[in-house]
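What follows is the residue order along each chain.
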Amino acid sequence: MRFSAITRSAFLAVRLGFCALALVLLTACSNAESRLVLHTAKGEFAFTVEIADDGAERAQGLMFRDHLAPDAGMLFDYGTEQLASFWMQNTLIPLDMIFIGADGVVKNIHVNARPLDTTSIPSGVPIRFVLEIPGGRSTEIGLKVGDTMEHPRVGQGS
């Protein structure tokens, strides 16, 4: 009977160890996805991003926020390339919208979208990602169409 209790304790310890490992790996994956790098002629620029990859997250976006750090943003992931259109309803801060293909190549840039403006801002071409960063930041870092984004989701399925 004693052997059985020891076996159960060992089994429980192994299960707890696997759970802890899974949690560490999930956290690491989450942390990896929160880092994004834009490659421009001026250099490499890292951003800490939130991911919006479902309908509710994409609908909420950066609405009602009154501040966004210069190295922060939100990456919208549509999973596949498609036409997309954004607006600034309920968005309180100016944003740059960077439209990016599945291969990580910048396809279009809309600089300084006006807060609270309901005018449609279309991607113009099929894209998989839209990166929103503080208004004017893409100009500061010298971002141009054809530059690239480095992120774990580039080249991967959603």
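Remember, predicted model here, so these are calculated numbers, not experimental data.

Q: Would you explain the overall build of the protein chain in this entry?
A: Check the secondary structure of the protein chain and you find three helices and nine strands. Across the 158 residues of the protein chain, 34% fall into the buried class. Within the protein chain, residue pairs in contact and separated by at least 24 positions form 72% of the contacts whose partners lie at least 6 positions apart. Only carbon and sulfur atoms are counted for the fraction: they give 60% of the accessible area of the protein chain, which is about 9000 Å².

Q: I would appreciate a short explanation of the confidence of the model for the protein chain in the present structure.
A: Detail in the predicted coordinates should be disregarded across regions flagged by low pLDDT. Within the protein chain, residue pLDDT values average 87, and 80% of them lie at 70 or more. Contacts for the low-pLDDT stretch residues 16-29, under 50 throughout, to residues beyond four places or in other chains number zero contacts.

Q: Is there a simple way to think about unusual backbone geometry in this case?
A: Excluding glycine, residues mostly carry a negative phi; peptide bonds, for their part, are mostly trans. The phi torsion at Asn90 lies on the positive side, around 65°, for a residue other than glycine. Its location among the elements puts Asn90 in the loop between strand S4 (85-86) and strand S5 (95-100). We classify Asn90 as partly exposed; its relative accessible area is 28%. Phi is positive for Leu116, close to 65°, though the residue is something other than glycine. Relative to the assigned elements, Leu116 resides in the loop between strand S6 (106-113) and strand S7 (121-122).

Q: Just checking my understanding: could you explain a nonpolar patch on the surface for this structure?
A: Residues Phe64, Leu92 and Leu116 make up a contiguous nonpolar surface patch of about 320 Å² in total accessible area. Following the sequence through the fold, Phe64 ends up in the loop between helix H2 (55-60) and strand S3 (72-82). Looking at Phe64, the relative accessible area reads 52%, which means it is exposed.

Q: What's the story with the sheet that holds S5 in this structure? I'm lost.
A: Note: strands within a sheet are paired through backbone hydrogen bonds, in either parallel or antiparallel orientation. Spatial ordering of the open sheet is given by S6-S5-S8-S3-S2-S1-S9, a layout of seven strands whose pairing is mixed. The strands lining the two open edges of the sheet, one partner per strand, are S6 and strand S9 (148-150). Averaged over all pairs of adjacent strands, the angle between their axes in this sheet comes to 30°, without regard to strand direction. Direction of pairing for S5 relative to S6: antiparallel, over a ladder of five bridges. Bridged to Leu95 within S6 is Ala113.

The rules we used
Residues numbered from 1 in each chain as written. Predicted model: local features only at pLDDT ≥ 70, side-chain atom pairs only at ≥ 80, totals over all residues. Heavy atoms only, no water. Helix = DSSP H or I, 4+ residues; strand = E, 2+ residues; numbered from the N terminus. Buried < 20%, exposed > 50% of the residue type's maximum accessible area, 1.4 Å probe, protein only. Contact = heavy atoms within 4.5 Å. Areas by Shrake-Rupley, 256 points an atom, 1.4 Å probe, with all protein chains shown as cover. pLDDT = per-residue confidence, 0-100. Patch = residues over 30% accessible without salt bridge, like charges linked within 9 Å, V, L, I, M, F, W, Y side chains within 5 Å. Salt bridge = Lys/Arg side-chain N within 4 Å of Asp/Glu carboxyl O. Pairing = 2+ DSSP bridges. Axes fitted to C-alpha atoms, helices over the stretch in contact; angles between N-to-C directions.

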